[in-house]
2 protein chains.
Amino acid sequence: MHQTFDAALGINLLHANQEGADHNRAHFDEWGITCINIMSSPGAGKTVVLERTLAAITQDLSPSLKAAVIEGDMTTELDADRLRQYGVPVIAINTGRSCHLDSKMVAGGLHRLVHEFNPSEIDLVLVENVGNLVCPAEFEVGEHAKVALLSITEGEDKPLKYPVMFQEADCLLITKMDLAPYLEIDVDRIIANVRQMNPHATIIPLSAKSGEGFETWLSWLKAQVNLRKSQKPSTSAQTSHEGLI
Amino acid sequence: MHQTFDAALGINLLHANQEGADHNRAHFDEWGITCINIMSSPGAGKTVVLERTLAAITQDLSPSLKAAVIEGDMTTELDADRLRQYGVPVIAINTGRSCHLDSKMVAGGLHRLVHEFNPSEIDLVLVENVGNLVCPAEFEVGEHAKVALLSITEGEDKPLKYPVMFQEADCLLITKMDLAPYLEIDVDRIIANVRQMNPHATIIPLSAKSGEGFETWLSWLKAQVNLRKSQKPSTSAQTSHEGLI
């Protein structure tokens with residue numbers, strides 16, 4: 001666990017992070033935006049899943065989702081540049097040596113997002129966290145739901161060995177299903193191990209290469225958005241970002 | 001980056017960790033033991049590489065390496081149990097919510113190791129860190145060399161996106177080479193990206209499934225051990241663990 005108390009500042013860091021997360025979430029709610037925090041090990045496929053997700057959303061002739069991305073990486077804008085090609089707003093956050101996004105970093109990203117774009121034209125903010133199966137699970141950023149990815153190349157035992165991430169996830173994407181024929185892997189065992197940690201998460205096996213599972217994943221995303229869109233205030237939220245700190 | 005200063009205790013945490021690491025290393029040196037810190041993302045293949053490594057070492061009729069393992073995991077002894085089957089000393093450390101081993105945890109493991117086994121009969125301690133491509137790189141545990149693993153399923157860009165681990169590594173194992181035919185991956189690009197971060201690391205592509213690269217990896221390990229064995233004091237180190245704290 002990270003150091004959780006900063007005696008110099010006299011604050012509990014996780015508590016301060018949680019306050020910031022609640023503040024971010026209040027803004028999202030005010031704008032009728034759904035925020036999804038996407039987390040996994042490095043290389044489990046977060047960016048490629050987002051690429052296929054944005055392609056599906058933006059190629060939809062009657063788009064029902066208007067997405068933006070907050071992209072967290074220690075260094076580089078490599079992933080942000082990949083996602084900008086889909087014509088959606090993408091805000092890049094470099095965390096430096098930090099192993100996770102925190103609510104303060106995301107507040108900064110959100111600030112830039114609503115100054116560069118109109119929040120009333122966004123339904124969905126997808127936050128791609130730093131690749132790390134441990135730390136991001138402990139730091140909320142203001143999301144309404146957490147999505148964890150586990151690629152089948154990582155092995156069946158990971159839900160047991162990295163329990164916090166799997167306990168926290170509302171939705172688990174089991175990625176790289178196209179590689180199943182070449183691996184000695186039992187996907188049912190992965191699912192059983194996830195269920196030991198979390199009986200309620202939605203579990204979706206998918207492949208960004210073959211497209212397997214994407215219909216289910218997009219339906220899950222749309223359901224999350226529709227839930228909050230129905231609560232969206234009818235007045236314009238265009239000016240309300242002034243209060244964002 | 002983790003919180004690095006604990007004002008309540010009045011200490012710099014990274015500095016305190018470094019002091020503990022130096023203390024551990026002094027014990028390793030006293031015993032003529034080489035300590036290798038093995039790090040990677042979850043599922044990159046640390047445990048299966050260790051299994052094949054221990055199999056090669058223990059099946060050698062004139063074994064030139066006498067290995068022990070300190071096995072770090074947040075929870076469970078699943079990996080430790082896999083490695084115990086090779087008949088070598090294995091000490092399991094559960095880190096709880098911590099995302100990395102630190103020098104204090106490894107001092108505790110070392111304490112148990114030298115009370116249960118004779119350090120003069122050990123040449124090599126392999127420390128398997130918590131699966132995390134970020135945090136373990138910042139916390140030395142007393143190792144003489146750092147080995148990072150990157151599986152080819154994780155993508156070519158990881159050395160650029162997670163620079164600290166690749167800058168710190170003395171040896172990089174590019175794992176799961178047997179999957180290359182099924183992936184759109186350019187291994188030369190991985191190597192070029194590692195070289196941008198670290199011009200000097202030994203880079204070994206390998207596969208625990210096919211055995212590709214293991215001869216080179218075992219030679220690298222033996223060279224590390226021989227370097228320190230030549231400095232091993234001739235007197236018995238059996239009783240010197242009394243001073244270990």
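Small disclaimer: the values here were computed from a predicted structure and weren't measured. (Residues numbered from 1 in each chain as written. Chains lettered and ligands numbered in written order. Predicted model: local features only at pLDDT ≥ 70, side-chain atom pairs only at ≥ 80, totals over all residues. Heavy atoms only, no water.)

**A word on the interface of chain A and chain B**
- Listed as interface residues are 42 residues of chain A and, on the opposing side, 42 residues of chain B.
- Ionic pairing is found between Asp79 of chain A and Lys161 of chain B, a salt bridge with its closest N-O pair at 2.6 Å.
- Taken together, the connections running from chain A to chain B amount to 13 residue pairs in polar contact (both at pLDDT 80 or more).
- Elements that contribute at least two residues to the side of chain A that touches chain B include exactly helix 3 (78-84), helix 5 (158-161) and helix 6 (163-168) of chain A.
- Taken together, the residues of the side of chain A that touches chain B sort by class into 19 nonpolar, ten polar and 13 charged. (Contact = heavy atoms within 4.5 Å. Salt bridge = Lys/Arg side-chain N within 4 Å of Asp/Glu carboxyl O. Polar contact = N/O pair within 3.5 Å; in protein donor to acceptor, adjacent residues only side chain to side chain. Helix = DSSP H or I, 4+ residues; strand = E, 2+ residues; numbered from the N terminus. Nonpolar A, V, L, I, M, F, W, Y, C, P; charged D, E, K, R; others polar.)

**Thoughts on the sheet that holds strand 6 (residues 124-128) of chain A**
Residues and elements named next belong to chain A.
- Here we have seven strands laid out as an open sheet, ordered 5-4-6-3-7-8-9, and parallel in their pairing. The strands lining the two open edges of the sheet, one partner per strand, are strand 5 (90-94) and strand 9 (202-205). Geometrically, the sheet is characterised by an average inter-axis angle of 20° between neighbouring strands, direction not taken into account.
- Pairing between strand 7 (residues 145-151) and strand 8 (residues 171-175): five bridges, direction parallel. Bridge pairing in strand 8 places Ala148 opposite Leu172.
- Across the face of the sheet, helix 7 (residues 187-197) comes into contact with strand 7, strand 8 and strand 9 while running at roughly 160° to strand 8.
- Sitting on the sheet, helix 8 (residues 214-229) is in contact with strand 3 (34-39), strand 6, strand 7, strand 8 and strand 9, with an inclination near 140° to strand 3. (Pairing = 2+ DSSP bridges. Axes fitted to C-alpha atoms, helices over the stretch in contact; angles between N-to-C directions.)

**Here we look at the packing of helix 1 (residues 13-31) of chain B against helix 4 (residues 103-116) of chain B**
All names here are of chain B.
- Packing of helix 1 against helix 4 brings their axes to within 8 Å, and their N-to-C directions diverge by 25°. With respect to helix 4, the element helix 1 is oriented roughly parallel. Classified by chirality, the crossing of helix 4 by helix 1 is left-handed. Along the contact surface, helix 1 presents Ala16, Asn17, Gly20, Ala21, Asn24, Phe28 and Trp31, while helix 4 presents Ser103, Val106, Ala107, Leu110 and Val114.
- Looking at the contact of helix 1 with helix 4, its residues break down into eight nonpolar, four polar and no charged. (Parallel < 35°, antiparallel > 145°, perpendicular 65-115°, else oblique. Left-handed = near helix turned anticlockwise from the far one by under 90°.)

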